[in-house]
Amino acid sequence: MLILTYLKMMWRFSRARSLIFAALLFLSSVTEGIGLVLLVPLLGALQESQAEAGGVVGLIVNGLSFVGIPITLIGLLSTFLALNVFRALISYSQTIVSERFRLELLDDLRTKSFDAMLEARWEWLTTQKKSDMSNLLVTEIGRLGSALLFSVRFIVSAFSIAAYIIVAFSLSFPLTLAAMVLGGGLFFAMRRQHSLAHEQGKLLSDANRQVQQTVEEGLTGIKLIKILRSEARQSQLMLEIRSLLRKRSLQFTHLNAAMTVIFQILVALFMVMLLYIGVTSFELSLPTLLILVLIFSRLSPQIREVQSQINNILHSDSVLTNYQNLMRAAGAAREETLTPILGAKIQFNQSIKLSGVSFSYSTRGIPSLCDINIEIPSRQTTAIMGTSGSGKSTLADLIMGLLTPDAGTIEIDGILLTDENRLNWRKSIAYMPQDVFLFHDTIRNNLLWADANATDDELKRALKFASADFVFKLPDQLETVVGDAGQRLSGGEKQRIALARAMIQKPELIILDEATSALDLENEARIRDTIDKLHDAITVIVIGHRLPTLENADQLIILESGRVKAAGKWADIIETND
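Given the structure is predicted, the values throughout are model-derived calculations rather than measurements. (Residues numbered from 1 in each chain as written. Predicted model: local features only at pLDDT ≥ 70, side-chain atom pairs only at ≥ 80, totals over all residues. Heavy atoms only, no water.)

Draft legend 1. Local environment of the overall build of the protein chain. A count of helices and strands for the protein chain gives 20 helices and ten strands. Across the 578 residues in the protein chain, those meeting the buried criterion constitute 44%. Contacts in the protein chain between residues far apart in sequence, at least 24 positions, make up 78% of those at least 6 positions apart. (Helix = DSSP H or I, 4+ residues; strand = E, 2+ residues; numbered from the N terminus. Buried < 20%, exposed > 50% of the residue type's maximum accessible area, 1.4 Å probe, protein only. Contact = heavy atoms within 4.5 Å.)

Here you go:
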């Protein structure tokens, strides 16, 4: 059943490639079968035997005579050589076609998986472990590619075995039937090992997940690890996880090796039995007996290979299951209106209005926000304050359309925010969190993420507007590489580049979520001056708790335990709460 699943994946990916591959397999098997059958008259010619050939051998001999090939030693040898040259070329083409097919299919699976993650709703993404998703993309789909390769090889082996069996049946039906019965019994005896391979595949997937998680957490927290002087502990943890992974891999290697030894011994025993029966009971001629010996000797490694392929395919079953589960879950969480080309940005001139908005995360038992009724005026600055856990960032995610309210509505100039216009609305928003993310790239390319067509003049204007003039004093200016997550820059420098990137979007609304909480007073003042310059041009929402950044806001909203504690003019609320 697993092999059929992989074949369906290949067929859905490219029917043309699948048909070409099948045609090459068919030609390879036919030429190999004809080559084996030709050995019978060829051996007869070597013995100068004039016995008339019958069955499949007779058909092939008559066919050669019909096309003008003499049934002589030279004629048969030439035909045999030509067939093998032709088969070698087919085998070469088959190898190239199958490997290219496998790699392209693997790329397609990785792309679809990554796209499914990118296109999923934010709420679903917050419930997933990033290390599990990266493990699937980087490691597990690689194992899935191996399973695809083994499936392809299984088909190749199956075609070859079929060719051998057809030739063997044409030479001796009872002996071949006996061989098939013994082979079937051998496969049945190995069913326990197949089950073990399946279980060990699951254990290996678990070990891969643990390794990926340990690596990502170690690299993300490497600064803390060094501060705490916990390098040895982290190294020991990595050693233990890698040891577990090595153990899982070796277990499967031991299983495959043991099965190969058992298989070789049993196949050798069966071949001796079959040949003894062929000589003593069926009185086969020497050429026929020699060809059967050749066929059975070639069948032995082919059957061993099939056994190994089945083990490897079963070993990767957990990967296929994980891939299918992720695609189903991510597909169910897909943002319905996500399309390659979105419409224009949504502009608004009046206000954003939230009416009776409530929201709860599926992983939490209590609501994050409850019955929120607020209005955010256009072209003004609104400050949102509250203690940690009061729901400030959740409110920002709802306003941006990253989350959908469980109850209540969000309106932009009286137009309801829905799945149909949510992504267009998101194009109108710039967002700047406390932990600014910069790509390990140049400053120019980091800015161009906001608008790939932005000119150098536009980039420079945005940098100056965001008080990021320091860029022009750097040796490489816009071509300066910022390092992993921008670690070559200070916190204030990263914030100002992020603000410049936001300005390049020409947003209708900009949300600064605790954007100045980690800055010193000088850099905070720079950001505050930029915010003041945005007044009357862009709607600004500032989320935080430090008064210098918030006190120039036109209105203040205070959240407490997911509810609006107070909302109104800054001076009125501060005076009331005093």
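Draft legend 2. Focus on the sheet that holds strand S4 (residues 407–412). An order of S2-S1-S4-S5 is seen for the four strands of this open sheet, with the pairing classed as antiparallel. Edge positions in the sheet fall to strand S2 (369–377) and strand S5 (415–416), since each has one partner strand and no second. Sheet topology note: the strand S1 (residues 351–359)/S4 ladder contains five bridges and is antiparallel. Looking at the pairing, Lys353 lines up with Glu411 of S4. (Pairing = 2+ DSSP bridges.)

Draft legend 3. Layout of the nonpolar core. Tyr6, Leu109, Leu144, Ile295 and Phe296 are the most contacted members of the largest nonpolar core, which totals 45 residues. Those elements giving two or more residues to this core turn out to be helix H1 (2–13), helix H2 (15–46), helix H4 (73–119), helix H6 (130–171), helix H7 (173–189), helix H10 (231–280), helix H11 (286–315) and helix H12 (317–332). Among the elements that take part in this core, H6 stands out by supplying 17 residues, more than any other. Counting 32 residues, the second-largest nonpolar core is a separate cluster that includes Leu447, Val482, Leu512 and Ile531. (Core = buried A, V, L, I, M, F, W, Y, C linked by side-chain atoms within 4.5 Å.)

Draft legend 4. Inspection of the side chain of Thr381 at higher detail. Mapping Thr381 onto the fold places it in strand S3 (residues 381–386). Residues within four places of Thr381 in sequence aside, it is in contact with His535, Val540, Val542, Ala553, Asp554 and Gln555.

Draft legend 5. Quick look at the packing of aromatic side chains. The full count for this structure, using the stated rule, is five aromatic pairs. When the centroid spacing of 6.0 Å and the interplanar angle of 20 degrees are considered together, the rings of Phe13 and Phe101 count as stacked. Of this pair, Phe13 sits in helix H1 while Phe101 sits in helix H4; the two residues are 88 residues apart in sequence, bridging distant segments of the chain. Ring geometry for Phe359 and Tyr361: centres 4.9 Å apart, planes at 90 degrees, overall edge-to-face. In textbook terms, an aromatic cluster arises when at least three aromatic residues are bridged by ring pairs, as seen for Phe437, Phe439 and Trp449. (Phe/Tyr/Trp six-rings, centres within 6.5 Å; stacked < 30°, edge-to-face > 60°.)

Draft legend 6. Fine view of unusual backbone geometry. Even without being a glycine, Asp371 presents a positive backbone phi close to 55 degrees. Mapped onto the fold, Asp371 is located in strand S2. By relative accessible area, Asp371 is classed as partly exposed at 43%. Phi at Asp413 takes a positive value of approximately 50 degrees, unusual for a residue other than glycine.

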